[in-house]
There are 2 protein chains.
Amino acid sequence: MKQPIGVIDSGVGGLTVAIELMRQLPKESIIYLGDTERCPYGPRPKEEVIQYTWEMVRFLQTKQIKMLVVACNTATAFTLDLLREELDIPVIGVIQPGARAAITHSRSYEIGVIGTEGTIGSKAYPSTLKHINEGINVYDLACPRFVPMVEKGLISGDLAYEIVHKSLLPLKKHKEMDTLILGCTHYPMIRELIQEVMGPRVIVISSGEETAREVSTILGYNSKLYTGDRKPKHSFYTTGDPEIFKKIASKWLKQNIDIVEKIELAEVQSMGY
Amino acid sequence: MKQPIGVIDSGVGGLTVAIELMRQLPKESIIYLGDTERCPYGPRPKEEVIQYTWEMVRFLQTKQIKMLVVACNTATAFTLDLLREELDIPVIGVIQPGARAAITHSRSYEIGVIGTEGTIGSKAYPSTLKHINEGINVYDLACPRFVPMVEKGLISGDLAYEIVHKSLLPLKKHKEMDTLILGCTHYPMIRELIQEVMGPRVIVISSGEETAREVSTILGYNSKLYTGDRKPKHSFYTTGDPEIFKKIASKWLKQNIDIVEKIELAEVQSMGY
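All values reported here derive from a predicted model rather than from experimental measurement. Along each chain, residues carry numbers from 1 onward, in the same order as the chain's sequence is written. Labels follow written order: the first chain is A, the first ligand is 1, and so on. Restriction of local features to residues with pLDDT of at least 70 applies here, the model being predicted, together with a cutoff of 80 or more for giving and counting side-chain atom pairs; totals for whole chains, interfaces and linings are based on all residues. By convention in this description, side-chain values take in all heavy atoms of the structure and omit both hydrogens and water.

**Student:** Would you mind going over the UniProt feature "binding site: substrate" (unreviewed entry) in chain A with me for this structure?
**Tutor:** Residue and element names in this part refer to chain A. UniProt positions are given in the numbering used here, feature names are shortened, and annotations may be inferred rather than shown by experiment. As recorded in UniProt, the feature "binding site: substrate" (unreviewed entry) lies at D9, S10, Y41, G42, N73, T74, T185 and H186. Taken together, the annotated residues stretch across 178 residues yet fold into one region, lying no more than 13.7 Å apart by C-alpha. Accessible area is worked out with a 1.4 Å probe on protein chains only. A residue is then buried under 20% of its type maximum, exposed over 50%, and partly exposed in between. On the basis of relative accessibility, which here comes to 9%, the residue S10 falls in the buried class. Every residue in contact with S10, bar those within four places of it in the chain, is listed here: G34, D35, T36, C39, Y41 and C72. Segments assigned H or I by DSSP are reported as helices when at least four residues long, segments assigned E as strands when at least two residues long, and all are numbered from the N terminus. Residue position: T185 is located in the loop between strand 7 (179–182) and helix 9 (191–198). A residue is classified by how much of its surface remains accessible, and T185, at 5% relative accessible area, is buried. Contact between two residues is taken to exist if any of their heavy atoms lie within 4.5 Å; hydrogens are not considered. Among all residues touching T185, those that are not within four sequence positions of it are G13, G14, T16, V17, A71, N73 and V94.

In structure tokens, the structure reads:
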């Protein structure tokens, strides 16, 4: 199936999921939409997040996507079930793949999760993990300094290390914790720092990597992988400043992103709540 | 959904998949059927493998399974598409999960695969890998000594190391190879030896571990995970000697398997070829 995979996010964070989709599924075309204008979704009320997410979905539906990836932890927590119920294409979020990967890799079943205050407050990760195995101990920690740090481009060096080290200190006392989920799509940009601080005994799980893996699983399972010879074509849309988006996307994707289109999202009557 | 997950294999090898299902999905009940009497499937003609697989599937259908796992590389190569077409429950094999995990973990895209002569001869792994990414280099190698070794219980010590070392020698010259798929369900029993021989730079992928992960993905995606409080109940069936099966299963699963039922498979009219 030549149709593209749609990826939505509140901003640029979901690009770490897009990077992994391009790497793991190099024949697939991606349409990315970041609602940069109204970012972040974390502090917004549930109804608003649902409303905004539907507006993004309605836009991507005009592009004939064959699958939808909700590359935003907050939107996943609030809309995944609704979207699955209403849409007739496969929909996957970023929370479940990271949780499942942690269960695969952990041997001590003492699992850490870091994320924004919104995601950690929602308890979506502990709930998903315990849904599968009640015996898992989850240590969750909000790291509010990480997103601003990454967005400023501060992703290496002494100061960055210092911030990561201080933030993760509360997790380091859990000696049996052998797996740490990066529960925010910005965090893969500082994965190496996080790994360095946590030490080699802790497996660091990137939800972008794992989400791309599950997109591959679901497309393969549904016989929807593209297997032809046409080159993939990626498109980027933002509700915010296309120049800023272009700069960040080019840097993160390590390739020149020439065209980023600014769009206005039409207000739709929200469904399903 | 309380119904069990059905697991079929030509013999005992698929128990390494069952172990991982029990570990990663501790609430789920498993029904395992090993066609030990007619094992191995590897050297048999395609039509015979399809016929035998259908006989196992028909038996498990009387047990109201909610999902079918084909825990045998040969049976996966020959029957997966047919089974998916004919059955109205999710069906997954052991080849695709290992291949997808290798793509997720590899950075050099130089991937090794080891398996029985049948599996390596079928080229199922290279074809699955290149289906997703044509740029991957695959180094495949048949290791005919590994299955007899594992079945004899020779899984550690100097002699075992010597056999593994000699067998894997042809792969060690590929310096850029960073990922190795265990393309046979027996091999996880000697995973540590294989890791030791290949060295720490090579990530060793167990198809059992990865298949269980994808069972979790597909059940989660289809809202079929069991989330109630009833304890799981596992059942084991074999077409061969139940005492030998019981001994191996108890050892591999590290728990006493009290009841293994010997069954005769009814000849069914084979479908779909």
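**Student:** What is the right way to look at the side chain of K27(A) in this model?
**Tutor:** When you line up the elements, K27(A) lands in the loop between helix 1 (15–24) and strand 2 (30–34). By the criterion applied in these results, polar contacts are pairs of N or O atoms within 3.5 Å in which, for protein atoms, one can donate a hydrogen and the other can accept it, and in which residues neighboring in sequence qualify only through two side-chain atoms. Polar side-chain contacts of K27(A) include one of 2.9 Å to the side chain of E134(B). With sequence-adjacent residues up to four places away left out, K27(A) is seen in contact with Y226(A), T227(A), G228(A), P232(A), K130(B), H131(B), I132(B) and E134(B).

**Student:** Even after reading the chapter, I still don't get the interface of chain A and chain B, so can you show me in this structure?
**Tutor:** For an interface, size is often stated in terms of accessible area lost upon the parts coming together. Every contact between the two is made by 36 residues of chain A and, on the other side, 36 residues of chain B. The salt bridge criterion pairs a side-chain nitrogen of Lys or Arg with a carboxyl oxygen of Asp or Glu, the two atoms within 4 Å. At the junction of chain A and chain B, the tally comes to eight salt bridges. Residue E134(B) pairs with K27(A) through a salt bridge whose shortest N-O separation is 2.9 Å. Counting across the interface, chain A meets chain B through 23 residue pairs in polar contact (both at pLDDT 80 or more). The element contributing the most residues to the side of chain A that touches chain B is helix 10 (residues 207–221) of chain A, with nine residues. Throughout this entry, Asp, Glu, Lys and Arg are counted as charged residues, while Ala, Val, Leu, Ile, Met, Phe, Trp, Tyr, Cys and Pro are counted as nonpolar. The remaining residues, Gly among them, count as polar. In the side of chain A that touches chain B, the residues fall into 12 nonpolar, 11 polar and 13 charged.

**Student:** I tried to follow the environment of I181(B) on my own but got confused; where do I start?
**Tutor:** Residues and elements named next belong to chain B. With respect to the helices and strands, the residue I181 is situated in strand 7 (residues 179–182). Judged by its relative accessible area of 0%, I181 is buried. Not counting the four nearest positions on each side in its chain, I181 is found in contact with G98, A99, A102, I111, G112, V113, I114, Y125, L129 and I205.

**Student:** Could you clarify how one ought to interpret the domain arrangement of chain A in this entry?
**Tutor:** Residues and elements named next belong to chain A. The source of the domain bounds is an automatic or database domain assignment. Looking at the assigned domains, one finds that chain A contains domain 1 (5–93 + 210–262) and domain 2 (95–207). The straight-line distance from the C-alpha centre of domain 1 to that of domain 2 is 22 Å. The partner domain 2 presents 23 residues to the 19 residues of domain 1 that form the contact. Along the contact surface separating domain 1 from domain 2 lie one salt bridge.

**Student:** I'm lost on the packing of aromatic side chains in this one. Help?
**Tutor:** Here a ring pair, both rings aromatic, is described through the centre-centre distance and the interplanar angle of the planes. Stacked, edge-to-face and tilted are the three classes for Phe, Tyr and Trp ring pairs, Trp counted by its six-membered ring, which pair at centre distances within 6.5 Å; planes under 30 degrees apart are stacked, over 60 edge-to-face, the rest tilted. Within the structure shown, the criterion is met by 12 aromatic pairs over all chains. Taking 6.4 Å as the distance between ring centres and 50° as the angle between the ring planes, the aromatic pair formed by F236(B) and F245(B) counts as tilted. One exposure class covers both F236(B) and F245(B), and it is buried. Through a chain of ring-to-ring contacts, three or more aromatic side chains come together here, namely Y32(A), F236(A) and F245(A). One residue, R38(A), lies across the ring of Y52(A), its end atom 3.6 Å from the ring centre. Lysine NZ or arginine CZ positioned within 6 Å of the ring centre and within 35 degrees of the ring normal marks a charge as sitting over the ring.

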